[in-house]
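Now for the letters of each chain:
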Amino acid sequence: MSEATISTPDTEMSTDSVVSVRNVHVEFPTPVGVVNALNGVSFDVPRGKVLGIVGESGCGKSVTARAILRIIEKPGRIVSGDILFRPRRRRSGGSRPSPAAGASGQVDNDADSSEIVDLTSLDPGSPEIRSIRGQEISMIFQEPMTSLNPVYTIGNQIEEAVLLHQTSDRSEAQKKAVEILRRVGMPNPDRIAQSYPHQLSGGMRQRAMIAMALSCTPTLLIADEPTTALDVTTEAQILELMRELQESFGMSIMFITHSMGVVAQLCDEVVVMYLGRVVERAPVDDLFHDPKHPYTVSLLRSIPRIGVNRGAQLEVIKGSVPDPYSKVPGCPFHPRCPSAMPGLCDTVLPEETAIADKTDHSVRCHLYPGSTPAEVASATTAK
Ligand code: SF4
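A word on the overall build of the protein chain. Each helix and strand in the protein chain was counted, giving 11 helices and 16 strands. With 383 residues in all, the protein chain has 49% of them scored as buried. Considering only contacts in the protein chain between residues 6 or more positions apart, those separated by 24 or more positions represent 65%. By element, 51% of the accessible surface of the protein chain is carried by carbon and sulfur atoms, the whole surface being about 17,800 Å².

Here it is, written out as structure tokens:
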């Protein structure tokens, strides 16, 4: 991994990354206690690649995505940490949109930007963040019907994003809407543009959502389990489409999923999360062929494989994710971990450690205390 960096008085960030999430803590104060949804999450989203965020429900995947877009619902709030973002387009007037840009934050689309914005410093309702949402960072949700407005046509809804960020010419926006529907493989895009969401199938609605998200050619597309509600055939088509569009648009994708199968099919790099923490980061091949964290190993063992161990019971991860109000001491995975070391894992929170000399593979587990491969092997064998 190249490590060229650009520095500003406040920030430093690899030029290979579009977003750098740094030690972010998010909490939800409730009448019965505080839920710590993110407990120091750190990772980079690589430029022009697909980063998978994987983990069970409640591990903080979606909260991380919402923190990046600054759309965490109240009473949730970012308590500390930084989320650095490097826009692809230079916003008029430097770090803030110029008055001429107005609330829409019009940008110089052809410029490369060395500007770095700390998204946590922006007011969630400010023109600055609204100029980034939809244009620089788009999001696709799991269920399109919760995001598509049922009383507007698909074409109207795509045009709205184009009119907000790209042009004030309605006929040009209409042409762009039809064109982007064609790009996402919609049959008869002119007719689809005139259709209402309820007139489309689940797969076509998801394609419409992808079209809307891509209408402003974002730098980063966040996809929050966009294929979970689809049948396997449609899921495969949507994944193929996303890979194809990612390559042709040259954008980064942050793909949130609980499916290791989807990760294998789509992602270049993977972040594994558990209870609001990143427990392992690695290139996808390393993660599948040489997983380190016991949680990752368990996730991979729980994937059904055709023809393997026929008749045998599928492995499961024992226990369940603790309730969100409980504070687990030590390693948060220790109550479920087959390798847990009493007296250490249940009292001391492991630090993130790079695996041997691999700078792109790290793990948060006491089995790997700055280890060499030999030490890791003996630690694992001893269990
Ligand atoms: Fe298991 Fe201990 Fe590693 Fe946690 S730190 S994953 S409990 S071995």
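Summed over all chains, the structure comprises 3 aromatic pairs. Aromatic rings pair up to connect Tyr274, Tyr295 and Phe333 into one cluster.

Glancing now at the sheet that holds strand S6 (residues 77–85). Think of a sheet as strands paired side by side through backbone hydrogen bonds, with each pair either parallel or antiparallel. What the 4 strands build is an open sheet, ordered S4-S3-S6-S9; its pairing is antiparallel. Strands at the two margins of the open sheet, each flanked by one partner only, are strand S4 (33–46) and strand S9 (117–118). As paired elements, strand S3 (residues 17–30) and S6 share 7 bridges and run antiparallel to each other. Bridge assignment links Val26 to a residue of S6, and that residue is Ile78.

Where a strand is regular, its side chains alternate between the two sheet faces. Taken together, the 2 bridges between S6 and S9 define a ladder with antiparallel strand orientation. In the strand pairing of S9, Phe85 is matched with Val117.

A few words now on the sheet that holds strand S12 (residues 252–257). What the 8 strands build is an open sheet, ordered S10-S11-S12-S5-S13-S14-S16-S15; its pairing is mixed. Strand pairing shows two members of the sheet lacking a second neighbour, strand S10 (137–140) and strand S15 (352–355), which therefore form its edges. Averaged over all adjacent pairs, the angle separating strand axes in this sheet is 20°, with direction ignored. Relative to strand S11 (residues 220–224), S10 is paired through 4 bridges, and the arrangement is parallel. Note that in S11 the partner of Ile140 across the bridge is Ala223. Most of the contacts of helix H6 (residues 202–214) go to S10, to which it runs at about 170°, and overall it touches S10 and S11. Where helix H7 (residues 232–249) meets the sheet, its contacts fall on strand S5 (50–54), S10, S11 and S12, and the angle it forms with S12 comes to roughly 155°.

Before going further, it helps to spend a moment on the nonpolar core. Residues Ile210, Met242 and Phe255 are the most contacted members of the largest nonpolar core, which totals 54 residues. A total of 7 residues in this core trace back to one element, the largest contributor, which is H6. Counting 35 residues, the second-largest nonpolar core is a separate cluster that includes Val24, Val26, Leu51 and Ile72.

Turning next to the pattern of salt bridges. If you walk through the whole model with that rule in mind, you get 9 salt bridges. Arg336 serves as the salt-bridge partner of Glu56, at 3.1 Å between the closest nitrogen and oxygen. Of this pair, Glu56 sits in the loop between S5 and helix H1 (61–69) while Arg336 sits in the loop between helix H10 (294–301) and S15, placing them 280 residues apart in sequence. For Glu159, the salt bridge is made with Arg170, and the minimal N-O distance between the two is 3.4 Å. Of this pair, Glu159 sits in helix H3 (residues 154–165) while Arg170 sits in helix H4 (residues 170–183); the two residues are 11 residues apart in sequence, bridging distant segments of the chain. On the basis of relative accessibility, which here comes to 48%, the residue Arg170 falls in the partly exposed class.

Right, let's talk about the site of the ligand for a bit. In the neighbourhood of the ligand, the contacting residues comprise His293, Pro294, Cys331, His334, Cys337, Ser339, Ala340, Cys345, Pro350, Cys365, His366 and Leu367. Taken together, the residues of the shell around the ligand sort by class into 8 nonpolar, 4 polar and no charged.

Right, let's talk about the pairing of strand S13 (residues 269–274) for a bit. Here S13 lies mainly inside the structure; 6 of its 6 residues are buried. Across 6 bridges, the pairing between S13 and strand S14 (residues 277–283) is antiparallel. Its bridge partner being in S14, Met273 is matched across the sheet by Val278. Hairpin connection from S13 to S14: 2 residues lie between these consecutive antiparallel strands, with Leu275 at a positive phi of about 50°.

Our next topic: H7. In this model, H7 (18 residues) spans 25 Å end to end at C-alpha, consistent with the 26 Å of a helix rising 1.5 Å per residue. Phi for Gly250, located one or two positions after H7, is positive at around 65°.

This brings us to the side chain of Gln246. Take Gln246: it is sitting in helix H7. For Gln246, a relative accessible area of 3% corresponds to the buried category. Leaving out residues up to four positions away in the same chain, Gln246 has contacts with Gly48, Lys49, Val50, Met251 and Ile253.

A separate point is the environment of Ile140. With respect to the secondary-structure elements, Ile140 resides in strand S10. Under the relative-accessibility criterion, Ile140 is labelled buried at 0%. Taking the C-alpha atoms as reference points, Ile140 and Pro226, 86 residues apart in sequence, are found 6.4 Å from one another. Excluding anything up to four places from it in sequence, Ile140 contacts Gln206, Met209, Ile210, Ala213, Leu221, Ile222, Ala223, Asp224, Pro226 and Met242.

Conventions we followed
Residues numbered from 1 in each chain as written. Predicted model: local features only at pLDDT ≥ 70, side-chain atom pairs only at ≥ 80, totals over all residues. Heavy atoms only, no water. Helix = DSSP H or I, 4+ residues; strand = E, 2+ residues; numbered from the N terminus. Buried < 20%, exposed > 50% of the residue type's maximum accessible area, 1.4 Å probe, protein only. Contact = heavy atoms within 4.5 Å. Areas by Shrake-Rupley, 256 points an atom, 1.4 Å probe, with all protein chains shown as cover. Phe/Tyr/Trp six-rings, centres within 6.5 Å; stacked < 30°, edge-to-face > 60°. Pairing = 2+ DSSP bridges. Axes fitted to C-alpha atoms, helices over the stretch in contact; angles between N-to-C directions. Core = buried A, V, L, I, M, F, W, Y, C linked by side-chain atoms within 4.5 Å. Salt bridge = Lys/Arg side-chain N within 4 Å of Asp/Glu carboxyl O. Near = heavy atom within 4 Å. Nonpolar A, V, L, I, M, F, W, Y, C, P; charged D, E, K, R; others polar. Expected span 1.5 Å × (residues − 1).

The analysis is restricted to geometry; functional conclusions fall outside its scope.
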